[in-house]
Amino acid sequence: MIIRVSSLSSLAALLLSVALPAFAQTAPASPPAGATAQGQVPTGPAPLEVSVTGGISAPLPIAIPVMPTTNVVSTPAGPTDVLGQQLAAVMTADLKNSGLFSPLGANALKSVDFPEVTAPQFDYWGGTGAQALVQGFVRANGDGTLTVGCYLYDVFSKIELTRQGFVVQPADWRRAAHKCADMVYTRLTGEGPYFDSRVIYVSETGPKNRRIKRLAIMDQDAANHRFLTNGQSIVLTPRFAPNQQSIVYMSYVGDRPAIYVYDIGSGRQRQVVPPGNLTFAPRFSPDGRYILFSMAVGGNTDIYRVPASGGQPQRLTNSPGIDTGGSYSPDGSQIAFESDRSGGQQLYVMNADGSNQHRISFGGGRYATPVWSPRGDLIAFTRVTGNFQIGIMSPTGSGEKLLTDDWQDESPSWAPNGRVLMFFRSGQGRAGTADLWSVDLTGVNERRLATPLDGSDPGWGPLRP
């Protein structure tokens, strides 16, 4: 659990409460005029701004020194001075991996004394070439928790842009670092946060014709990785519930594909639809009340929905051929899906009750795996024209743009802010591997995620509370 210290006065009080003689004579920087409770400046042009839509040839230089501590205290996660180093390292990696920032690592920067956290030496930081500065602190509290404070400064204008503080259990120190990085990202880009989130995916090993597939979960930066299933049954297409407490997926238990819900806390799983027909491609509705899925009945495959708690499935499509890959719009009013009713795989949109089914993709090749952006403005998909590529288009089908161009990229999944996609890339031949990759909407910032084994079918979860 993370408790946000959202008030500027609360965060300042935490600093002032530290009994350090040198600091007692240095008051925290005054909040900027007109600042909100979160330290945001709501009016006037931002001194610094990073574009996330037009590509970036020179990522913003940003300094992230080690976070000092009030007193070195041992915690279950390690001494607070070491945690200060690790917090800075995680923030550095998050911002660098976005492709929009060029962090100056802590090793190349001077150490920051605790009083400097709220009184930066701007002349020094300007000399490093940094345009933005992130400073902070870590403090062990008497109740066993940690307080992590983060401050963002504009080096040239010599002003504080925003600050936030978090009270966390020692085991959650990485989440505090992700939230600090999210603070920087959102303030400088104007976009929503996404670093403090998790990914569920299929971990794979073995030859291509005999793969062992297990459910695995990890943070978006591949930390805190763990396996959820043992690989005795093949698993596919895992997706988080909106509350992130469970996962829906398809599994070949007893060599019969069926849909299951896995409870992350208890490890228990249950079958969603009674056995009898082939069911696959599940996904929760935005409110978590329903599970959308495909079912083959009498040689025809249609899209159905069923209450998440179980019950009688409701048929939503009724067209000869294969309708699958359903994905709700964020408000739950519409569903994107793929269908071969026109003779080849194409993308369609319909109302949530199955009415007004209409085609939206008309380019060459085949279109598959549609998934609606959390912002509602785009639909991501896989396009097959010899190669498999990840693309995006508007819900009306306009503005199609391909983001990747490799041999086999497929199964996109959106970051919580709707500005980054995760997918998996398969290599050619029997020895080819499958790896998780991410790309932003520019198509420029692309990177591979390091996982213990091969990875496929990523499902990016919502922002963690």
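What counts and what doesn't
- Residues numbered from 1 in each chain as written.
- Predicted model: local features only at pLDDT ≥ 70, side-chain atom pairs only at ≥ 80, totals over all residues.
- Heavy atoms only, no water.
- Helix = DSSP H or I, 4+ residues; strand = E, 2+ residues; numbered from the N terminus.
- Buried < 20%, exposed > 50% of the residue type's maximum accessible area, 1.4 Å probe, protein only.
- Contact = heavy atoms within 4.5 Å.
- Phe/Tyr/Trp six-rings, centres within 6.5 Å; stacked < 30°, edge-to-face > 60°.
- Core = buried A, V, L, I, M, F, W, Y, C linked by side-chain atoms within 4.5 Å.
- Pairing = 2+ DSSP bridges.

Asks: Hey, could you run me through the overall build of the protein in this one?
Replies: Across its full length, the protein holds 5 helices and 30 strands. Going through the 465 residues of the protein one by one, you find that 54% of them count as buried. Excluding contacts between residues fewer than 6 apart, the proportion of contacts in the protein whose partners are at least 24 apart in sequence is 48%.

Asks: Would you mind going over the packing of aromatic side chains with me for this structure?
Replies: Two aromatic rings, taken as a pair, are described by how far apart their centres are and by the angle between their planes. Going through the model one piece at a time under the given rule, you end up with 12 aromatic pairs. With centroids separated by 6.0 Å and ring planes inclined at 75°, the aromatic side chains of Y194 and W460 adopt a geometry described as edge-to-face. Residue Y194 is located in the loop between helix 5 (173–189) and strand 7 (197–205), and its partner W460 is located in strand 30 (residues 454–463); the two are separated by 266 residues in the primary sequence. In terms of burial, Y194 and W460 fall into one category: buried.

Asks: What exactly am I supposed to notice about the nonpolar core here?
Replies: The biggest cluster of nonpolar side chains holds 49 residues, and the ones touching the most others in it are L95, F101 and L188. Once residues within four sequence positions are removed from consideration, F101 is found in contact with V50, P59, L60, I62, L95, K96, Y185, L188 and T189.

Asks: Is there a simple way to explain the sheet that holds strand 20 (residues 346–351) in this structure?
Replies: Pairing between the strands of a sheet is mediated by backbone hydrogen bonds and can be parallel or antiparallel. One open sheet holds the 4 strands; their spatial order is 18-19-20-21, and the pairing between them is antiparallel. Each having just a single partner strand, strand 18 (323–328) and strand 21 (358–359) make up the two edges of the open sheet. With 2 bridges joining them, strand 20 and strand 21 adopt antiparallel strand pairing. Opposite Y348, over in strand 21, you have R359 as the bridge partner.

Asks: Please explain unusual backbone geometry as it appears in this structure.
Replies: The general pattern is negative phi for most residues beyond glycine and trans for most peptide bonds. Of note in the backbone geometry, T369 takes a positive phi value of approximately 45° without being a glycine. For T369, the position within the fold is in strand 22 (residues 366–372). A residue is classified by how much of its surface remains accessible, and T369, at 27% relative accessible area, is partly exposed. Phi at S411 takes a positive value of approximately 60°, unusual for a residue other than glycine.

Asks: I keep staring at the pairing of strand 4 (residues 132–140) and nothing clicks. Help me out?
Replies: With 8 of 9 residues buried, strand 4 is to be regarded as a mostly interior element. As paired elements, strand 2 (residues 60–63) and strand 4 share 2 bridges and run parallel to each other. Counterpart to A63 in the pairing with strand 4 is L133. As paired strands, strand 4 and strand 5 (residues 146–154) are joined by 9 bridges and run antiparallel to one another. Each bridged residue has a counterpart across the sheet, and for V138 the counterpart in strand 5 is V148. Between strand 4 and strand 5, which pair antiparallel and follow one another directly, the connecting turn spans 5 residues, one of which, G144, has a positive phi of 95°.

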